[in-house]
Amino acid sequence: EPVLRDPVLSGKAVAVFEYLAFDDQSYLINNLDNAEVGSILNEMAPDDRVRLFKDLSPKVHKKLISLMKKEEADDLAKLLTFKENSAGSIMTTEFVSLRKDMSARQALIRIQETQKSANAKSIYSVYVTDDERHLLGVVSLQGLLAAPPDILLKDIIVDAEVVKVSVDTHKEEVANRFSRYDLLDTPVVNEQNQLIGIITIDDVVDLIHQDAAAERLAVDVADQVPLIAGGVDAVVGVEQFDGEHGR
């Protein structure tokens, strides 16, 4: 029986798939059957799914979209519209959003429900919004656990103005904010201050690793340039010497 039919094993398989390099992901996509590929794509975290699709050819992109649930495909299409290197391009749309009139107890029950999935992401903070998804404030999971069970969220949330980022904020500025304020996550809002996603410390670490790999590649290439240039000069010098000698 395929591993992906078991919810627990499926969650673990998806987590492993998200961790793999693109070449390894491509290999699996080409060798698993369509049902298994569709299952993986539907269960992937939105930000990990976006990173995968950005590296796919248009032909493969179209095929894989057809294997996904409409809700997941629509979410992917929306995330792919955000500017490259922006907060929107690296955020995830999976987050816990609560109402200000909920009690701490109700909030914790809601969080427990969201964590039942085998592939559930770590939660560091919860965000409080109004009926139109406008961001009102934030409370850390630690603060929520320490709060009296009957206290309302509106009485314990803190202003998110300092830590929130615009969907168009450059990813380097996002990383700087995480470093400056020792953040574990940050809310992403649009021009109307509506909460549309979050960026977690995991995303920032991935970003730093990607940039570091790119810098190493650039250094390696730069180191090779003098050697290549030297080789060309040496060949030209030999040809010139032979030509002059022939005269």
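Located above this text is the structure these notes cover.
Rules of the game
- Residues numbered from 1 in each chain as written.
- Predicted model: local features only at pLDDT ≥ 70, side-chain atom pairs only at ≥ 80, totals over all residues.
- Heavy atoms only, no water.
- Helix = DSSP H or I, 4+ residues; strand = E, 2+ residues; numbered from the N terminus.
- Buried < 20%, exposed > 50% of the residue type's maximum accessible area, 1.4 Å probe, protein only.
- Contact = heavy atoms within 4.5 Å.
- Areas by Shrake-Rupley, 256 points an atom, 1.4 Å probe, with all protein chains shown as cover.
- Salt bridge = Lys/Arg side-chain N within 4 Å of Asp/Glu carboxyl O.
- Pairing = 2+ DSSP bridges.
- Arc of directions from axis to C-beta.

Chemist: Help me understand the overall build of the chain in this model?
Modeler: If you tally the helices and strands in the chain, you get 11 helices and six strands. Looking at the chain as a whole, 36% of its 247 residues qualify as buried. Within the chain, counting contacts between residues at least 6 apart in sequence, those at least 24 apart form 59% of the total. Within the structure as shown, the chain displays about 14,800 Å² of accessible surface, and the carbon and sulfur contribution to it stands at 54%.

Chemist: I tried to follow the pattern of salt bridges on my own but got confused; where do I start?
Modeler: Here the idea is simple: oppositely charged side chains can pair when their charged atoms come close. Applying the stated criterion to the full structure yields 11 salt bridges. Salt-bridge contacts for Arg-49 lead to Asp-75; the nearest nitrogen and oxygen are separated by 3.8 Å. Taken as a pair, Arg-49 in helix 4 (residues 46–54) and Asp-75 in helix 6 (residues 70–79) lie far apart in primary sequence, 26 residues in all. A relative accessible area of 19% places Asp-75 in the buried class. When salt bridges with common partners are traced through the structure, they connect Asp-47, Asp-48 and Arg-51 into a single cluster.

Chemist: How should I be thinking about the sheet that holds strand 1 (residues 97–98) in this particular structure?
Modeler: What holds strands together in a sheet is hydrogen bonding between their backbones, with the strands either parallel or antiparallel. The three strands lie next to each other as 1-2-3, forming an open sheet whose pairing is mixed. The open sheet is flanked by strand 1 and strand 3 (135–140), the only strands paired with a single partner. Note that strand 2 (residues 125–129) and strand 3 share five bridges and pair antiparallel. Bridging from a neighbouring strand, Thr-129 pairs with Leu-135 of strand 3.

Chemist: Would you explain the pairing of strand 6 (residues 195–200) in this entry?
Modeler: Along any regular strand the residues' side chains alternate between the sheet's two faces. Counting buried residues along strand 6, six of its six residues qualify, which places the element largely inside the surrounding structure. One ladder, built from five bridges, connects strand 5 (residues 185–189) with strand 6; its direction is antiparallel. Bridging across to strand 6, Asp-185 finds its partner in Thr-200. The hairpin formed by strand 5 and strand 6 contains five residues between the paired strands, and Asn-193 there has a positive phi angle of roughly 65°.

Chemist: Would you mind showing me how to read helix 6 here?
Modeler: For an α-helix, the turn length of 3.6 residues means that residues three or four places apart are oriented alike. Of the residues making up helix 6, those classed as buried are Glu-72, Ala-73, Asp-75, Leu-76 and Leu-79. With its buried residues spanning 160° around the axis, helix 6 presents them on a single face. Away from its buried face by more than 90 degrees, helix 6 exposes Lys-70 and Glu-71. For helix 6, the secondary structure elements touched by its buried residues are helix 3 (34–43), helix 4, helix 5 (58–66) and helix 7 (87–90).

Remember, this is a structural readout, not a statement about activity or role.
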